[in-house]
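# Coordinate inspection notes
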Amino acid sequence: MSQRTQRLADQIQRDLSVLIREEIKDPRIRMVTISGVKVSPDMGYADVYVTVLGKDLTADYAPSLEVLNHAAGFLRAALGKSLQIRMIPRLRFHYDEV
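Residues numbered from 1 in each chain as written. Predicted model: local features only at pLDDT ≥ 70, side-chain atom pairs only at ≥ 80, totals over all residues. Heavy atoms only, no water.

Okay, the overall build of the protein chain next. Each helix and strand counted, the protein chain has three helices and three strands in total. Listing the helices and strands of the protein chain from first to last along the sequence gives α-β-β-α-α-β. On C-alpha atoms alone, the protein chain measures out to a radius of gyration of 13 Å, which is about the 13 Å that the 2.2 N^0.38 rule sets for 98 residues. Seen along its three principal axes, the alpha-carbon backbone of the protein chain occupies a region of about 40 × 25 × 15 Å. Burial analysis of the protein chain (98 residues in total) assigns 42% to the buried set. Within the protein chain, residue pairs in contact and separated by at least 24 positions form 62% of the contacts whose partners lie at least 6 positions apart. Of the roughly 6,300 Å² of accessible surface on the protein chain, a fraction of 52% belongs to carbon and sulfur atoms. For the protein chain, the separation between the mean place of its 14 positive charges and that of its 12 negative charges on side chains is 7 Å. (Helix = DSSP H or I, 4+ residues; strand = E, 2+ residues; numbered from the N terminus. Rg over C-alpha atoms; globule rule 2.2 N^0.38 Å. Buried < 20%, exposed > 50% of the residue type's maximum accessible area, 1.4 Å probe, protein only. Contact = heavy atoms within 4.5 Å. Areas by Shrake-Rupley, 256 points an atom, 1.4 Å probe, with all protein chains shown as cover. Lys, Arg positive; Asp, Glu negative; His and termini not counted. Charge placed at Lys NZ, Arg CZ, Asp CG, Glu CD.)

Turning our attention to the pattern of salt bridges. Tallied over the entire structure, the rule returns four salt bridges. For arginine 28, the salt bridge is made with aspartate 26, and the minimal N-O distance between the two is 3.0 Å. For arginine 28, a relative accessible area of 40% gives the class partly exposed. Look at the salt bridges and you will find they share partners, linking Asp26, Arg28 and Glu66 into a network. (Salt bridge = Lys/Arg side-chain N within 4 Å of Asp/Glu carboxyl O.)

As a further point, take the sheet that holds strand β3 (residues 90-95). If you walk across this open sheet you meet the three strands as β1-β2-β3, and the pairing is mixed. For this open sheet the edge positions go to β1 (31-39) and β3, each flanked by a neighbour on one side alone. For this sheet, the mean angle separating the axes of adjacent strands, direction not counted, is 30°. Note that strand β2 (residues 45-53) and β3 share six bridges and pair parallel. Within β3, the position partnered with tyrosine 45 by the bridge is arginine 90. Against the sheet, helix α1 (residues 3-23) makes contact with β1, β2 and β3, and its axis sits at roughly 160° relative to β1, the strand it touches most. (Pairing = 2+ DSSP bridges. Axes fitted to C-alpha atoms, helices over the stretch in contact; angles between N-to-C directions.)

Here we come to the nonpolar core. Formed by 30 residues in total, the largest nonpolar core has its most connected members in Ile12, Leu16, Leu75, Leu91 and Phe93. Of all elements in the fold, only α1, β1, β2, α2 (57-70), α3 (72-82) and β3 reach the threshold of two or more residues within this core. Among the elements that make up this core, the one with the highest residue count is α1 (six residues). (Core = buried A, V, L, I, M, F, W, Y, C linked by side-chain atoms within 4.5 Å.)

Quick look at the structure:
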């Protein structure tokens with residue numbers, strides 16, 4: 001990963017953490033932590049890896065992932081207001097297995 005895409009991934013991770021905490025009001029979102037972001041070399045996509053804290057980790061992450069993937073367009077638009085780049089990557093949320 002180039003230094004530019006790594007800086008972009010770090011900034012997306014910071015901004016998404018704030019946006020999810022403050023803007024997404026869906027009760028299915030529990031304690032979501034963004035564990036990492038990987039931006040494709042052409043900066044067209046950003047794969048966002050999340051972990052979900054809860055009692056039963058295997059059952060709790062599916063609804064949260066569904067909400068995040070559904071809200072990806074909203075989150076991408078909100079990122080567009082804070083990031084100073086021409087093209088905002090499309091967001092794809094994945095559960096981090098680690």
